[in-house]
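For reference, the chains in residue letters:
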Amino acid sequence: RVVPVLVAGTLVPTVFFTTARDEWIDHAYSIKKIVSPNQPTRKERVVILGSGWGSLSFLQRLDPDKVDITVVSPRSFFFYTPLLAGCSTGTVASTSITESMRWHLHRFKGTSSRPLFLQAHASSIDVEKKTVTCGSSAVGVSTTLDYDQLVVAVGAESNTFNIKGVKEYATMMKEVEDSLKVRREVLEKLESANSLLASGASDEEVRRHLHWVVVGGGPTGVELTAELCDFVNSDVRDYFPALTDKIQISLIEGTGKVLGVFAPHISEYARNKLLKQGANVTTNCFVTGANEKTVSLLNAVDKSKSSIDYGLLVWAGGIGARPFTRAFATQIGGEQLPKKGPLRGLKVDNKFRVAGADNVWALGDCALSGSPPTAQAAYQQGKYLGRLFRETNCEREKVEEHDAFEFHNYGSLAYVGSSSAVADLKLHLWGSEHPAGRGQDSDSTVLEGKGAFAIWRSLYFSKMLSMKNRWQVLFDWCMSGTFGRDISAPY
Ligand code: FAD
């Protein structure tokens, strides 16, 4: 517990003041915007679908003195996905990583027209009439919005690959509600196992409640497993001493290694770190089905079948296109339809124009742009597109002449438990807004352990999009590091 407090106490304030400077620059910039003399007579109506990484980063770069902005999303807040796993165990509170979209729009106060927000699902797009229809499930009404430019940034959804029983019995790991559900279920399983133990139930039944299975060995699955291990090895050990030895945490991965995007020795380090903390890590193993109590498995090497009992099943096994994205791509047809395999997103060019749909742009996880489906990529894309809109006013010739987007991978990080992380950083690209080149893959700086953990925390802290969230997360880290995680809240 001393390590996180030390990290928070030293590195974080440094990053805090650096980023505070960025906010002041932003503020100064927005004041300049208000007195901008070049007001166009006719404003373009820009409708943005989504309140995630891509849309927010795009929105922040638009000039509301030049365009009328409407944001539509069923989620009225932005949330910081990199810290979602920590929410599942109470390392950070869910409210500390969320920020209302209205707060983000409020920053445009003083401009000639303030952007509008509509909490609704976009359900269909009419490319000919340039309208998008949005439905609000809360009050059962639908609204049709006119647009001049439509930016689709609706992200992706968890992909269960139609494996029988997964949708019904597993908890996904994608939204804030999912992490709260995991947290509630973990606390419930602990209390129900405790009741079973007191009632003299069989050891097997108690252990089943305490077997928590995470499927998917990518960064999300690994970070969740690590957070669960931390929770068990510190807080559960203190508050449920009779149960600690009966708890099992299993991570199941279909390929041969966890954290496949990292170098092999980093994957090996992550695996060993999880094993050392008491988790079971099974690779080359596919989930083939699930029911209320068991998960069926297939060994990818020897094709043997087996099943395991579980108390909690969490799915972090990949993402796929949302029904809205699939319906829109199918409606456009032509080159939007893949020759083989499932439809994974909207095909866009290197300026994010949707192929076959004039005045429609797509970015982030819902677009097939060649960048990986990460917050880092969605953020860069939003930033690029915002700049393109400002500089070209979406005039066709100017857009043609504008630079194409180039993704710069600044590196990857993952938390692996007990105040350790792994980092693969492309340091040669840092410190420049528009790095000259991609560099070689061999130009990576690879770190593991406590040093990587300090970087992981500092970097994710500094990348948070609001100062309020930074203070809240800093407070949560200090509180959970000093007093332990809260296990009483009725989430
Ligand atoms: P999202 O951020 O998913 O936003 C999509 C938005 O669209 C949401 O607001 C949604 O409500 C809205 N929407 C959905 N349907 C509709 C509709 N019909 N109409 C209107 N709006 C709609 N990436 C990293 O780079 N680093 C990390 O550490 C990292 N950690 C992650 C941890 C977790 C647990 C998860 C789930 C993801 C993580 N990612 C990380 C990936 C990253 O979060 C995504 O790549 C990123 O969120 C994609 O941004 P986006 O804008 O495309 O979509």
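Cut-offs used in this document
Residues numbered from 1 in each chain as written. Predicted model: local features only at pLDDT ≥ 70, side-chain atom pairs only at ≥ 80, totals over all residues. Heavy atoms only, no water. pLDDT = per-residue confidence, 0-100. Contact = heavy atoms within 4.5 Å. Pairing = 2+ DSSP bridges. Helix = DSSP H or I, 4+ residues; strand = E, 2+ residues; numbered from the N terminus. Axes fitted to C-alpha atoms, helices over the stretch in contact; angles between N-to-C directions. Near = heavy atom within 4 Å. Polar contact = N/O pair within 3.5 Å; in protein donor to acceptor, adjacent residues only side chain to side chain. Areas by Shrake-Rupley, 256 points an atom, 1.4 Å probe, with all protein chains shown as cover. Nonpolar A, V, L, I, M, F, W, Y, C, P; charged D, E, K, R; others polar. Domains from an automatic or database assignment. 1 Å grid on protein atoms, 1.4 Å probe; cavity = no way out; pocket = protein on both sides within 12 Å on 5 of 7 lines; lining within 4 Å. Points joined across faces, edges and corners; volume = space filled by probe spheres on them. Patch = residues over 30% accessible without salt bridge, like charges linked within 9 Å, V, L, I, M, F, W, Y side chains within 5 Å. Salt bridge = Lys/Arg side-chain N within 4 Å of Asp/Glu carboxyl O. Phe/Tyr/Trp six-rings, centres within 6.5 Å; stacked < 30°, edge-to-face > 60°. Buried < 20%, exposed > 50% of the residue type's maximum accessible area, 1.4 Å probe, protein only. Parallel < 35°, antiparallel > 145°, perpendicular 65-115°, else oblique. Left-handed = near helix turned anticlockwise from the far one by under 90°.

Right, let's talk about the confidence of the model for the protein for a bit. Across the protein, pLDDT averages 89, with 88% of residues at or above 70. Ignoring residues within four places in sequence, the model shows residues 27-40, a span with pLDDT below 50, making 15 contacts including any to other chains.

Turning our attention to the sheet that holds strand E17 (residues 305-309). An order of E15-E16-E17 is seen for the three strands of this open sheet, with the pairing classed as antiparallel. Unpaired on one side and paired on the other, strand E15 (285-290) and E17 mark the two borders of the sheet. Ignoring strand direction, the axes of neighbouring strands in this sheet form an average angle of 30°. Of the strand pairs in this sheet, E15 and strand E16 (residues 294-299) are connected by five bridges, and their pairing is antiparallel. Across the sheet, residue alanine 290 finds its bridge partner in E16, namely valine 295.

If you check the shell around the ligand, you find 30 residues, and the closest are Ser51, Gly54, Thr81, Asp365 and Tyr460. The separation between an oxygen atom of the ligand and a polar main-chain atom of tryptophan 53 is 3.2 Å. A distance of 2.6 Å separates an oxygen atom of the ligand from a polar side-chain atom of threonine 81. When the ligand is considered free in solution it has 1,000 Å² of accessible area, and contact with the protein chains removes 91% of it. Elements supplying a minimum of two residues to the shell around the ligand: helix H2 (53-61), strand E2 (67-73), strand E6 (121-126) and helix H11 (375-392). Among the residues forming the shell around the ligand, the class breakdown is 14 nonpolar, 12 polar and four charged. Counting contributing residues per domain, the shell around the ligand is built from domain 2 (42-158 + 320-407) and domain 3 (160-315), each supplying no fewer than three.

Counting through the fold element by element, alanine 93 comes out in the loop between helix H3 (84-87) and strand E4 (98-100). Along the sequence, alanine 93 and arginine 485 sit 392 residues apart, while their C-alpha atoms lie 9.8 Å from each other. Once you skip the residues sitting within four places of it in the chain, alanine 93 turns out to touch Cys87 and Asp476.

It is worth spelling out empty space enclosed by the protein at this point. This structure, assessed with the given rule, holds one cavity of 30 Å³ or more. Size it by volume and the largest cavity reaches roughly 50 Å³. Surrounding the largest cavity, Ser88, Thr89, Arg183, Val186, Leu187, Leu228, Phe231, Asp486 and Ile487 form its lining. Broken down by secondary-structure element, the contributors of at least two residues to the lining of the largest cavity are helix H6 (176-199) and helix H8 (219-239). It is H6 that contributes the most residues to the lining of the largest cavity, three residues altogether. Looking at the lining of the largest cavity residue by residue, the class counts come to five nonpolar, two polar and two charged.

The next point concerns a nonpolar patch on the surface. A contiguous nonpolar surface patch, about 340 Å² in accessible area, is contributed by Phe475, Met479 and Phe483. With respect to the helices and strands, phenylalanine 475 occurs in helix H14 (residues 467-483).

Note that serine 267 resides in helix H9 (residues 264-276). Leaving out residues up to four positions away in the same chain, serine 267 has contacts with Lys257, Val258, Leu259 and Phe262.

All chains considered together, the criterion is met by 14 aromatic pairs. Between tyrosine 384 and phenylalanine 405, the aromatic rings sit 5.5 Å apart at their centres with planes inclined by 70°, giving edge-to-face as the arrangement. One end of the pair, tyrosine 384, is in helix H11; the other, phenylalanine 405, is in the loop between helix H12 (396-401) and strand E23 (411-417), and 21 residues separate them in sequence. The buried category is assigned to tyrosine 384, whose relative accessible area is 5%. When its relative accessible area of 15% is taken as the criterion, phenylalanine 405 is described as buried. Between phenylalanine 461 and tryptophan 477 the ring centres are 6.3 Å apart and the planes differ by 40°, which places this aromatic pair in the tilted class. With a gap of 16 residues between them, phenylalanine 461 in helix H13 (residues 450-462) and tryptophan 477 in helix H14 connect regions that are remote in the sequence.

Below, the discussion takes up the pairing of E6. Where E6 lies against strand E7 (residues 131-136), five bridges are found, and the strand directions are antiparallel. Bridging from a neighbouring strand, serine 124 pairs with threonine 133 of E7. What sits between E6 and E7 in their antiparallel hairpin is a turn of four residues, with lysine 130 showing a positive phi close to 55°.

Looking now at the packing of H2 against H11. H11 packs onto H2 with a crossing angle of 30° between their chain directions and a minimal axis gap of 7 Å. For the element pair H2 / H11, the angle class is roughly parallel. By crossing handedness, the relation of H2 to H11 is classed as right-handed. Each of Trp53, Gly54, Ser57, Phe58, Gln60 and Arg61 in H2 lies in contact with H11, whose residues at this interface are Ala375, Ala378, Tyr379, Gly382, Lys383, Leu385, Gly386, Arg387, Phe389 and Arg390. For the contact of H2 with H11, the residue count by class is seven nonpolar, five polar and four charged.

The next point concerns the pattern of salt bridges. Inspection of the entire model under this criterion finds 14 salt bridges. Between glutamate 391 and arginine 387 there is a salt bridge, with its nearest N and O atoms 3.9 Å apart. Of this pair, glutamate 391 and arginine 387 both sit in helix H11, four residues apart, roughly one helical turn. By relative accessible area, glutamate 391 is classed as partly exposed at 46%. Using a relative accessible area of 27% as the deciding quantity, one classes arginine 387 as partly exposed. Between glutamate 395 and lysine 398 there is a salt bridge whose closest N-O contact spans 3.6 Å.

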